[in-house]
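Here's the letter readout for the chains.
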Number of protein chains: 2
Amino acid sequence: MQQIVCPLALHMKVAVPDLHSFCVEALTKVGVSSDDSRKTADVLVTTDTWGTFTHGTKALRGYVRRLQGGGVKRGGKPMVVAEGPAWSIVDGDSSLGMVTSVFAMRTAMAKAKTAGIAYVGVRNNCHYGAAGYYASMAITESMIGFSMANDIPTVNAPGAEGPVMGSNPFAFAAPAGKEKPIMLDMATSTVAGGKVFAAAALGKTIPGHWLLDAQARATMDPTLFPNAASLTPLGGYKGYGLACMIETLAAVLTGASISWQVLSWSFGDASKATGHGAAFVALNIESFMPVAQFKKRMDHLIREIHSAPKAAGSERIYLPGEIEFERREKALTEGIDLPEDVVANLRGLAHDLDLDLGRVLK
Amino acid sequence: MQQIVCPLALHMKVAVPDLHSFCVEALTKVGVSSDDSRKTADVLVTTDTWGTFTHGTKALRGYVRRLQGGGVKRGGKPMVVAEGPAWSIVDGDSSLGMVTSVFAMRTAMAKAKTAGIAYVGVRNNCHYGAAGYYASMAITESMIGFSMANDIPTVNAPGAEGPVMGSNPFAFAAPAGKEKPIMLDMATSTVAGGKVFAAAALGKTIPGHWLLDAQARATMDPTLFPNAASLTPLGGYKGYGLACMIETLAAVLTGASISWQVLSWSFGDASKATGHGAAFVALNIESFMPVAQFKKRMDHLIREIHSAPKAAGSERIYLPGEIEFERREKALTEGIDLPEDVVANLRGLAHDLDLDLGRVLK
């Protein structure tokens, strides 16, 4: 991320509640209910507080275009269409990905409460933003959470010339006791496509191991993506294999669109549903051991890692999610430093909808 | 793997049934029941048929040492010690990792049959070999399988000087229709420690991104591992994060030993239990959609990947596990070409137990 952070002068500091209310205003203006608007704003603004700017409010302009085009239904209602003791299949009714995904994760947690573990598969979803948001919903419920989703292919596989799999994100979160909870949120490509787009928007080059050109040769030119380049899979066959696993759980098993059947949420026809799939899993800690005991054991693991000897030049060993949670604490008191590409998208959105961004970006 | 394959002349061709009966003979000779011996031999020999020689019969000599030392109980009986509608906790009673893990995966599948999904956590396990074996047990039951385990730290984390996490393996398997099933079996380090040991045994150097020396600098010398080197995590924070996830599911939640509490199965005191944890998950496809429909959808995904344009110099794009399943088909008809380091360990085992390896290695 460091390489694509723009000069400080181009950052815009925003207060978290102001950014949130701007998102709600934009969504309600295009006909989304205030409840669904708030849910969506929560996901996007929380993501920005983590510093995961590729998947936060930057994407709202694109979602609004799909709402205006009808590909995302402003009054869509996610529904459980099949269920058992420890699972549900949810049809997202092509509503906002955040609305359906929050519904699905809540459904998983409700089932896990009695069954111990639950899986919820989703079809007719749209792009759901940061996978970590849904996984981390489990933390305050003393549960362990997982979230994953498929997407249109943008990622190479060993032996392929172009894209074969989506960058299929995966997230995991678990609570701890006196230590911070842990959260992993990752694309199964070396980096998420959003980082390449961000570099292109900022006129930067990218590291040589992120992208392959149309002949599957390494390239540092982010502007080739996605039309004439594919992302590299994380660690070769491993990231590719994890993407296949996610495609299986989020699409093959749920009835969602598979691989190339998915429509691009950012480039595809805004009047058509994208057909994304997703999957959510919750484990109810209390079913397995007293929550206090689990938390104590998590703290033990975390403290062991924190206290391990540091490499030369390193002051800390971070747990997964620790940087994001620290950024969030800071953002809640000091505001968020939005990078230039995010500000540009928010300005564009304000222009599209004739909204006043000035009171947010002071 | 290619880099550490030894010259052909040093390979030994063995028939699969012969290798299997040798393993059973060795295990029964040290007091393991014939049923448990057969289960263990199935896991190890299947792993060799896949060409995953780092985790197959090569390890049997080490397991036998632990059986003789008492750290692995020859008459141990894995038991369900707690359970709910969609989960169990299994105490492995420090029996062979293969015996406990097969029991645990079967328990997960039995629960998933009615609940749709099930999680089984294991404590008091030992090293369980190839994670993929247990995940792939789901295939013939028309289920999706997962397996994972923790281990003593051997893997670096961003910012650490030495090892912080185990190479915590993860596996996933799912059936297909007319196409081969898919199976992912991976360490969360760049490569499993076994590949480094194999290179050291064969006197080879290793690629520069596998290992860090005691000062966290890249090294190509496999002999430094594990005492003065740590494995690199897969893709930096992502592999490290996945290892933390596995530690949570396989150890924190199960009551198993966590991280440095685990004893090395290969170097630790053979009279003491290693305390490994593991976790298994099964999803019963039939709960979600007709199995035939699922298989047709898997075939669609697989064929789409197979038919994607190939990179220059590439003839095929393999699905996860496809290479292993093709190797197995060949091994079942033509025998297995055991690499030198595996043969050396089998010879050592035959010597230890006064068994005749000659009739196996013709």
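The paragraphs below set out a description of the structure included in this document.

Parameters at a glance
- Residues numbered from 1 in each chain as written.
- Chains lettered and ligands numbered in written order.
- Predicted model: local features only at pLDDT ≥ 70, side-chain atom pairs only at ≥ 80, totals over all residues.
- Heavy atoms only, no water.
- Helix = DSSP H or I, 4+ residues; strand = E, 2+ residues; numbered from the N terminus.
- Buried < 20%, exposed > 50% of the residue type's maximum accessible area, 1.4 Å probe, protein only.
- Areas by Shrake-Rupley, 256 points an atom, 1.4 Å probe, with all protein chains shown as cover.
- Lys, Arg positive; Asp, Glu negative; His and termini not counted.
- Charge placed at Lys NZ, Arg CZ, Asp CG, Glu CD.
- Salt bridge = Lys/Arg side-chain N within 4 Å of Asp/Glu carboxyl O.
- Pairing = 2+ DSSP bridges.
- Axes fitted to C-alpha atoms, helices over the stretch in contact; angles between N-to-C directions.
- Contact = heavy atoms within 4.5 Å.
- Polar contact = N/O pair within 3.5 Å; in protein donor to acceptor, adjacent residues only side chain to side chain.
- Nonpolar A, V, L, I, M, F, W, Y, C, P; charged D, E, K, R; others polar.
- Least-squares fit on C-alpha atoms with pLDDT ≥ 70 in both.
- Phe/Tyr/Trp six-rings, centres within 6.5 Å; stacked < 30°, edge-to-face > 60°.

With that settled, consider the overall build of chain A. A tally of regular secondary structure across chain A gives 11 helices and 12 strands. With 362 residues in all, chain A has 64% of them scored as buried. Carbon and sulfur atoms make up 53% of the accessible area of chain A, which totals about 12,800 Å². The distance from the centre of the 34 positive side-chain charges to the centre of the 33 negative ones in chain A is 2 Å.

Bringing unusual backbone geometry into the picture now. Residue P226 of chain A is bonded to the preceding F225 of chain A through a cis peptide linkage, with omega at 5 degrees. Positionally, P226 of chain A belongs in the loop between β9 (218-219) and β10 (229-231). The backbone of D93 of chain B sits at a positive phi, close to 55 degrees, despite the residue not being glycine. By the secondary structure assignment, D93 of chain B is in the loop between β3 (87-91) and α4 (97-115).

For the rest of this paragraph, the subject is the pattern of salt bridges. Residue and element names in this part refer to chain B. For the structure on display, the rule yields 31 salt bridges over all chains. Between D36 and K39 there is a salt bridge, with the nearest N and O atoms lying 4.0 Å from each other. With D36 and K39 both in helix α2 (residues 34-49), this residue pair falls 3 residues apart, about one helical turn. Between E326 and R316 there is a salt bridge, and its shortest N-O distance comes to 2.6 Å. One end of the pair, E326, is in helix α10 (residues 322-334); the other, R316, is in the loop between α9 (291-306) and α10, and 10 residues separate them in sequence. Through salt bridges that share partners, D35, D36, R38 and K39 make up one connected network.

Attention shifts here to the sheet that holds β10 of chain A. All names here are of chain A. Read from one edge to the other, the open sheet built from 3 strands follows the order β9-β8-β10, with strand pairing classed as antiparallel. Sheet topology places β9 and β10 at the edges, where each strand pairs with a single neighbour. Sheet topology places strand β8 (residues 211-213) next to β10; 3 bridges connect them, and they run antiparallel. Paired with L211 across the bridge in β10 is L231.

What follows covers the sheet that holds strand β5 (residues 143-149) of chain A. All names here are of chain A. Sheet architecture is open: 7 strands sit in the order β2-β3-β4-β11-β5-β6-β7, paired in mixed fashion. Where the open sheet ends on each side, the last strands, each with one partner, are β2 (79-84) and β7 (182-186). If you compare each strand with its neighbour and ignore which way they point, the axes differ by 10 degrees on average. Relative to strand β4 (residues 117-125), strand β3 (residues 87-91) runs parallel, the two sharing 5 bridges. Residue D91 lies in a different strand from β4, and its bridge partner there is R123. Sheet strands in contact with helix α4 (residues 97-115) are β2, β3, β4, β5 and β11 (276-284), and its direction is about 160 degrees off that of β4.

Every contact between the two is made by 76 residues of chain B and, on the other side, 76 residues of chain A. Between the two partners, chain B and chain A, sit 24 residue pairs in polar contact (both at pLDDT 80 or more). Top contributing element to the side of chain B that touches chain A by residue count: helix α7 (residues 237-252) of chain B, with 12 residues. Along the lines of polarity and charge, the residues of the side of chain B that touches chain A split into 52 nonpolar, 16 polar and 8 charged.

Residue and element names in this part refer to chain A. As for its placement among the helices and strands, T274 is situated in the loop between α7 (237-252) and β11. Here the side chain of T274 touches N125 through a polar contact of 3.3 Å, landing on its backbone oxygen. Of note is the side chain of T274, whose polar atom sits 2.8 Å from the side chain of H276. Ignoring anything within four residues of it in the chain, the contact list for T274 reads R66, N125, C126, S257, Q261, V262, L263, S264 and W265.

All names here are of chain A. The residue S94 is located in the loop between β3 and α4 in this model. Of the residues examined, S94 reaches a relative accessible area of 12% and is grouped as buried. Apart from residues no more than four positions distant in its own chain, S94 is found in contact with G71, V72, K73, N124 and A273.

We now examine the relation of the copies chain B and chain A. Placing chain B over chain A gives an RMSD of 0.0 Å and needs a rotation angle of 180 degrees, together with 0.0 Å of translation along the axis. What the rotation and shift describe, once combined, is the action of a two-fold rotation axis. Among all residues of chain B, the one whose C-alpha sits closest to the rotation axis is G235 of chain B, at a distance of 2.9 Å. A share of 100% of interface residues in chain B that are also interface residues in chain A marks the association as one of identical surfaces.

Attention now goes to the packing of aromatic side chains. Considering all chains together, one arrives at 23 aromatic pairs over all chains under this definition. Here F146 of chain B and F170 of chain B contribute two aromatic rings whose centre-to-centre distance is 6.3 Å and whose plane-to-plane angle is 50 degrees, an arrangement assigned as tilted. Within this pair, whereas F146 of chain B is found in strand β5 (residues 143-149), its partner F170 of chain B is found in strand β6 (residues 170-174), the two being separated by 24 residues in sequence. Residue F170 of chain B is classed as buried on the basis of its relative accessible area, which comes to 7%. Here the aromatic residues Y128, Y133, Y134 and F280 of chain A are joined through ring pairs into a cluster of three or more.

This is a description of form; function is not addressed.
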